[in-house]
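# Examination of the molecular architecture
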2 protein chains.
Amino acid sequence: GSGSDQASDGASVPKKVMVIGGDGYCGWATSLHLSNKNYEVAIVDNLVRRLFDHQLGLDSLTPISSIHNRIRRWKSLTGKDIQLYVGDICDFEFLSEAFKSFEPDAIVHFGEQRSAPYSMIDRSRAVYTQHNNVIGTLNVLFAIKEFGEDCHLVKLGTMGEYGTPNIDIEEGYITITHNGRTDTLPYPKQASSFYHLSKVHDSHNIAFTCKAWGIRATDLNQGVVYGVRTDETAMHEELYNRFDYDGVFGTALNRFCVQAAVGHPLTVYGKGGQTRGYLDIRDTVQCVELAIANPAQRGEFRVFNQFTEQFSVNELAALVTKAGEKLGLEVQTISVPNPRVEAEEHYYNAKHTKLVELGLKPHLLSDSLLDSLLNFTIQYKDRVDSKQIMPSVSWRKIGAKPKTVAA
Amino acid sequence: GSGSDQASDGASVPKKVMVIGGDGYCGWATSLHLSNKNYEVAIVDNLVRRLFDHQLGLDSLTPISSIHNRIRRWKSLTGKDIQLYVGDICDFEFLSEAFKSFEPDAIVHFGEQRSAPYSMIDRSRAVYTQHNNVIGTLNVLFAIKEFGEDCHLVKLGTMGEYGTPNIDIEEGYITITHNGRTDTLPYPKQASSFYHLSKVHDSHNIAFTCKAWGIRATDLNQGVVYGVRTDETAMHEELYNRFDYDGVFGTALNRFCVQAAVGHPLTVYGKGGQTRGYLDIRDTVQCVELAIANPAQRGEFRVFNQFTEQFSVNELAALVTKAGEKLGLEVQTISVPNPRVEAEEHYYNAKHTKLVELGLKPHLLSDSLLDSLLNFTIQYKDRVDSKQIMPSVSWRKIGAKPKTVAA
Ligand SMILES: NC(=O)c1ccc[n+]([C@@H]2O[C@H](COP(=O)([O-])OP(=O)(O)OC[C@H]3O[C@@H](n4cnc5c(N)ncnc54)[C@H](O)[C@@H]3O)[C@@H](O)[C@H]2O)c1
Ligand SMILES: NC(=O)c1ccc[n+]([C@@H]2O[C@H](COP(=O)([O-])OP(=O)(O)OC[C@H]3O[C@@H](n4cnc5c(N)ncnc54)[C@H](O)[C@@H]3O)[C@@H](O)[C@H]2O)c1
């Protein structure tokens, strides 16, 4: 794949992609991948995620460089430029200037507060999450309408929008026959945190603007991402990606690998039957590129379920235990009281064929990936702060009062 | 009905109802109705709706008194007290103090920006609408969780959340059989303005808190309200309710009556086949009382479709034309280009049995009601500003830039 169109004079014009949230876990890997594929990339980020880490006393397992150093190193290694706009997309004046100066053909929007536990810490974080995500996305939609109607919005949603219905999960829409009549309607949503709800709100807002304004949009309902290395981030230490293992920002499989590396029992919430879709971060970058290379039509609101395999938490724990033992680690598992409100045993069968039809070649979770991920976490295990491993946020105990104590 | 519980000593303790948005069209009529029925009522309102009217150069057809005079007049006529808390529910400190001082058994939440055209004027009004409505409702949920978990939330939603699907509309939930499995899921939502979308977001947020925190809530998906007089507001001129006829806040049937009264042709948008549920404001107050008197269970998220009859815009125009002719008015109809993006011919069949099962006795739209409504509008026709009659807001032309010119 290569990020260029044929211009009328035969010269190739690189497609311009604005990556909002390009300093984050998915966004950084995607920015480098697209730059490597000859897209012209601009990162938009207010770096607020780095602030959250400071405020909560958290840190990435991997040491990560500043965004300025990251971009400088990428330029010195590859000769490729990545433009940087530092600011908040909730500030429409900032976003307008960035949009008008870069003139993107596509926007990949990763730039949201993306942790369910963070959104459940206290009232002010719940409100922040919904405001930041919903208003940020509204601003992106208005910027496209005002300054570049043809720009394709590739928006990161989450599989968590669907919840765990007792019927198969389709990709965005479901055909319902009811009292003898039939219609294809948005798939019903049952999100279970203020974060997941913010994504549901975004989806409804985007769908409306596709219909009313002719916006072209792809909603990527992403599963849980695991892994850390992509071809580009592996090129140099200063390009390394963040790797969250704590109870607030860490996600299931990544957390288990760090727990295994430091000899902490794997923390299964409740019964461990919670089943979700998962994917390798190398597939995140591939999926986003496929969405950009095959844009939605004007007025189309397209939804792809972006994951490659389903696992229950217990299955993941068993896989990490086996892989750990091969490396001589003694891996134990404990059940901890579930801090969330969610079904711990349920039916789960979610479709995910649309990205495969566009050409996705999945990196399935194999022994060798788990081996290398575990080795990677072992390499950095001295950086682990064990106090951050257990879950600290309760869905039921969230209060209206600001939580002021860090640990 | 009467708003009191039996206390252990046999004395009757009035139920306390906080009416958020109690200075508005539905809220004022409801506050007086509940007060009359011996509920203890507190109005919470930041009066922002009166500010919108000033800013846009609009005015109610009926002259309305200040909220302070309204409450004084009610007290002098009936001896009954209504408490008043003036402030913004997006300000959690204000809301907390009001909640702790009044200790409501139920909250009726009307306090939102409720005009679809207002939300489509410009970017800043779109953002204001979603912020005001979503964050205000989140604050109400947190106040209940923190200060009075048993308080019943009666939240005003809208039938517009459902859009116009090609299958029957159920009350909040639909049972779907898909690939051989069955589940009852939230009815899919297809809202078509930033205002209607804000209600969809509220519904999802409330449903989550019922499940996660055990909140008890009733979502009243209300149809379009018509009429102006209720038993209580008719008691004195200083108690009169607002009556909006302009293109921003006026709703279909009320607008047609004013148009007929001043000899303006009835403004049908596009083909006029748009069909919606309607109800008399005397039924709004009855429905809210029924919901309060029969509260949802702890943890229950109950949805009622609150309307009594369906009409297409063309049917309403025909009814007003007939009623006008009986009064000697010459009523014409014109089709104006539809400022909205919506289907103008569609299937529509929405269930509305749950409130009837609780005891609702509907006031159906009859000749006599239309007669008195028309006579009422004729009485005030000198107050009509004809410039405000035509629609001024376009769903497609909304811009990112602030709209600074009033007329
Ligand atoms: N990581 C996962 O497993 C996963 C799974 C499903 C979906 N997603 C979605 O993918 C996206 C990226 O996730 P991630 O794991 O890379 O998160 P992340 O926290 O690592 O990155 C998000 C980035 O967005 C930036 N940001 C947040 N609000 C902003 C604003 N208002 N203006 C400008 N920048 C802002 C942050 O500073 C951060 O750099 C999110 O939308 C997330 O919901 C992630
Ligand atoms: N009028 C209708 O036909 C209709 C139809 C369906 C649903 N509804 C719903 O019923 C409710 C009431 O509608 P209405 O026609 O009476 O509207 P209205 O504009 O007359 O009244 C709304 C009131 O809420 C107040 N308010 C708004 N934001 C507030 C905030 N942040 N803090 C405190 N007060 C605030 C306003 O000042 C106003 O007095 C709304 O939620 C609306 O969406 C109305």
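Position labels on residues start from 1 in each chain and follow its written sequence. A letter from A marks each chain and a number from 1 marks each ligand, given out in the order of writing. Local features in a predicted model are, by the rule used here, given only for residues with pLDDT of at least 70; side-chain atom pairs are given and counted only at 80 or more, and totals for whole chains, interfaces and linings are based on all residues. No hydrogens and no water enter the side-chain calculation; it runs on all heavy atoms of the structure.

### Points about the sheet that holds strand β6 (residues 106–109) of chain B
All names here are of chain B. The test is simple: Any two strands with at least two DSSP bridges between them are considered paired. The helix and strand labels rest on DSSP assignments: H or I over at least four residues marks a helix, E over at least two residues marks a strand, and numbering proceeds from the N terminus. Between N-to-C directions, angles cover 0 to 180 degrees, with each direction set by a line fitted to C-alpha atoms, over the stretch in contact for helices. Here a residue-residue contact requires only that any non-hydrogen atoms of the pair lie within 4.5 Å.
The strand order β5-β4-β3-β6-β7-β10-β14 describes an open sheet built from seven strands, whose pairing is parallel. Looking at which strands have only one partner, the edges of the open sheet turn out to be β5 (82–86) and β14 (301–306). Within this sheet the neighbouring strands show an average axis-to-axis angle of 20 degrees, counted without direction. Where strand β10 (residues 216–222) and β14 come together, six bridges link them in parallel fashion. Bridge pairing links Asn-221 to Asn-305 in β14. Those strands touched by helix α1 (residues 25–36) are β3 (16–20), β4 (40–45), β5 and β10, and its axis lies near 165 degrees from that of β4.

### Observations regarding the pattern of salt bridges
Residues and elements named next belong to chain B. This is how it is decided: Only one rule defines a salt bridge in this text: a Lys or Arg side-chain nitrogen within 4 Å of an Asp or Glu carboxyl oxygen.
As enumerated under the stated definition, the model contains 54 salt bridges over all chains in all. Close ionic contact of Asp-244 with Arg-114 constitutes a salt bridge, the shortest N to O distance being 3.2 Å. Of this pair, Asp-244 sits in the loop between β11 (224–226) and α8 (252–262) while Arg-114 is found in the loop between β6 and α5 (116–119), placing the two residues 130 residues apart along the sequence. The salt bridge partner of Glu-161 is Lys-189, with a shortest N-O separation of 2.9 Å.

### Considerations on the site of ligand 1
All names here are of chain A. For clarity, the threshold we go by: Each residue is tested against the molecule or strand, and it is near if at least one of its non-hydrogen atoms lies within 4 Å. Nitrogen and oxygen atoms within 3.5 Å of one another constitute a polar contact, given that in protein one can donate a hydrogen and the other can accept it, and given that sequence-neighbouring residues count only through two side-chain atoms. Gly is put with the polar residues, along with every residue not named as nonpolar or charged; the nonpolar set is Ala, Val, Leu, Ile, Met, Phe, Trp, Tyr, Cys and Pro, and the charged set is Asp, Glu, Lys and Arg.
Taken together, 27 residues are adjacent to ligand 1, and Cys-26, Asp-45, Arg-114, Tyr-195 and Lys-199 come closest. The backbone of Phe-110 places a nitrogen or oxygen atom 3.4 Å from an oxygen atom of ligand 1. Val-225 is positioned with one of its backbone polar atoms (N or O) 3.0 Å from an oxygen atom of ligand 1. Of all elements in the fold, only α1 (25–36), α2 (48–56), β7 (152–158), α7 (194–213) and β11 (224–226) reach the threshold of two or more residues within the shell around ligand 1. Split into classes, the residues belonging to the shell around ligand 1 amount to 10 nonpolar, nine polar and eight charged.

### Digging into the site of ligand 2
Residues and elements named next belong to chain B. As a matter of local geometry, ligand 2 sits amid 27 residues, with Cys-26, Asp-45, Arg-114, Tyr-195 and Lys-199 nearest to it. Gly-111 has a polar backbone atom sitting 3.3 Å from a nitrogen atom of ligand 2. Val-225 is positioned such that a nitrogen or oxygen atom in its backbone is 3.0 Å from an oxygen atom of ligand 2. Residues belonging to the shell around ligand 2 are distributed by class as follows: 10 nonpolar, nine polar and eight charged.

### Some remarks on the confidence of the model for chain A
Test applied: The quantity known as pLDDT measures the predictor's confidence residue by residue, on a range of 0 to 100.
Summarising the model, chain A shows a mean pLDDT of 96, and 98% of its residues fall at 70 or more. Across chain A, the element-wise mean pLDDT spans from 74 in strand β1 (residues 4–6) of chain A up to 99 in strand β3 (residues 16–20) of chain A.

### Focus on the interface of chain B and chain A
Using the following cut-off: Accessible-area loss on putting two parts together, using a 1.4 Å probe and summing over both, is the definition of buried area adopted here.
The interface of chain B with chain A comprises 55 residues on the first partner and 55 residues on the second. The contact between chain B and chain A buries some 5,000 Å² in all, and 66% of this surface belongs to carbon and sulfur atoms. In terms of surface lost to chain A, no three residues of chain B exceed Phe142(B), Arg181(B) and Phe208(B), which account for 13% of the buried area on that side. Across the chain B-chain A interface, the total number found is two salt bridges. The residue Glu146(A) makes a salt bridge to Lys401(B) at a minimum N-O spacing of 3.6 Å. Viewed at the interface, chain A and chain B are joined by 23 residue pairs in polar contact (both at pLDDT 80 or more). Tallying contributions element by element places helix α6 (residues 123–147) of chain B first for the side of chain B that touches chain A, with 12 residues.

### Considerations on the relation of the copies chain B and chain A
Rule in force here: Least squares is used to superpose the copies, and the fit set is the C-alpha atoms of residues whose pLDDT is at least 70 in both copies.
Mapping chain B onto chain A leaves a residual RMSD of 0.0 Å; the transformation is a rotation of 180 degrees accompanied by 0.0 Å of translation along its axis. With respect to symmetry, the two chain copies, as superposed, fit the operation of a two-fold axis. A high fraction, 100%, of the interface residues of chain B reappear at the interface in chain A, so the copies pair face to face through one surface.

### Regarding the packing of α8(B) against helix α10 (residues 313–326) of chain B
All names here are of chain B. What counts here: Should the near helix be turned anticlockwise from the far one by less than a right angle, the crossing is left-handed, and should it be turned clockwise, the crossing is right-handed.
In contact at an axis separation of 10 Å, α8 and α10 are set at 35 degrees when each is read in the N-to-C sense. Once α8 is placed against α10, the crossing between them reads as right-handed. Of the residues in α10, those in contact with Ala-252, Leu-253, Phe-256 and Ala-260 of α8 are Val-313, Leu-316, Ala-317 and Val-320. Residue classes in the contact of α8 with α10 are distributed as eight nonpolar, no polar and no charged.

### A look at the nonpolar core
The following threshold applies: Nine residue types can take part in a nonpolar core, namely buried Ala, Val, Leu, Ile, Met, Phe, Trp, Tyr and Cys, and a core is a set of them joined through side-chain atoms within 4.5 Å. The cut-offs for exposure are 20% and 50% of the maximum accessible area for each residue type, with area from a 1.4 Å probe on protein chains only; residues under the lower value are buried, those over the upper are exposed, and the others partly exposed.
Among the nonpolar cores identified, the biggest contains 129 residues, and Ile107(A), Phe194(A), Trp213(A), Ile107(B), Phe194(B) and Trp213(B) are the most heavily contacted of them. Beyond its immediate stretch of four places on either side in the chain, Phe194(B) contacts Leu138(A), Phe142(A), Asn205(A), Phe208(A), Thr209(A), Trp213(A), Ser119(B), Met120(B), Ala126(B), Thr129(B), Gln130(B) and Ile398(B).

### Structural notes on the side chain of Ser65(B)
Residue and element names in this part refer to chain B. With respect to the helices and strands, Ser-65 occurs in the loop between α2 (48–56) and α3 (67–78). Within the local environment of Ser-65, its side chain forms a polar contact with the backbone oxygen of Glu-238, the two atoms lying 3.3 Å apart. In this structure Ser-65 touches Arg-50, Arg-70 and Glu-238, once residues within four positions along its chain are discounted.

### Focus: the pairing of β7(A)
All names here are of chain A. Where burial is concerned, most of β7 is hidden: seven out of the seven residues are buried. In the sheet, strand β6 (residues 106–109) pairs with β7 via four bridges, with the strands oriented parallel. Each residue of the ladder has a partner; that of Ala-106, found in β7, is His-152. Alignment of β7 against strand β10 (residues 216–222), held across seven bridges, turns out to be parallel. Each bridged residue has a counterpart across the sheet, and for His-152 the counterpart in β10 is Arg-216.

### Considerations on the sheet that holds strand β15 (residues 309–312) of chain B
Residues and elements named next belong to chain B. The sheet built from three strands is open, its strands ordered β11-β13-β15 with mixed pairing. Among the strands making up the open sheet, the edge pair consists of β11 and β15. Direction aside, the axes of adjacent strands within the sheet are offset by 45 degrees on average. Note: β11 against strand β13 (residues 275–280), three bridges, orientation parallel. Each residue of the ladder has a partner; that of Tyr-226, found in β13, is Asp-280. Helix-sheet contacts for helix α9 (residues 281–293) involve β11 and β13, and the interaxial angle to β13 is about 80 degrees.

### A short note on the environment of Tyr269(A)
Residue and element names in this part refer to chain A. Locating Tyr-269 in the fold gives a position in strand β12 (residues 266–269). Among the residues examined, Tyr-269 registers a relative accessible area of 14% and is labelled buried. When the C-alpha positions of Tyr-269 and Asn-338 are compared, they lie 4.5 Å apart, and in sequence the two are 69 residues distant.

### Side note on α1(A)
Residues and elements named next belong to chain A. Cut-off, in case you're wondering: In this analysis, the expected span of each helix is defined as 1.5 Å times one less than the number of residues it contains.
In a regular helix each residue adds 1.5 Å, so 12 residues correspond to 16 Å; α1 covers 17 Å between its end C-alpha atoms and thus fits that length. Most of α1 is tucked away, with 11 of its 12 residues classed as buried. One or two steps after α1, the chain reaches Asn-38, where phi turns positive at roughly 70 degrees.

### Quick word on the pairing of β3(B)
Residues and elements named next belong to chain B. Heads up, the condition is: A crossover counts as right-handed when, viewed with the strands pointing away from the observer, the path leading from the first strand over the helix to the second turns clockwise.
Counted residue by residue, β3 has four buried out of five residues, so it is predominantly covered. Pairing analysis gives five bridges linking β3 to β4, with the strands arranged parallel. Opposite Val-19, over in β4, you have Ile-43 as the bridge partner. Following the chain from β3 across α1 to the adjacent parallel β4, one finds a crossover that is right-handed. Judged from the four bridges that link them, β3 and β6 form a sheet pairing that is parallel. In the sheet register, Val-17 faces β6, and the bridge partner there is Ala-106.

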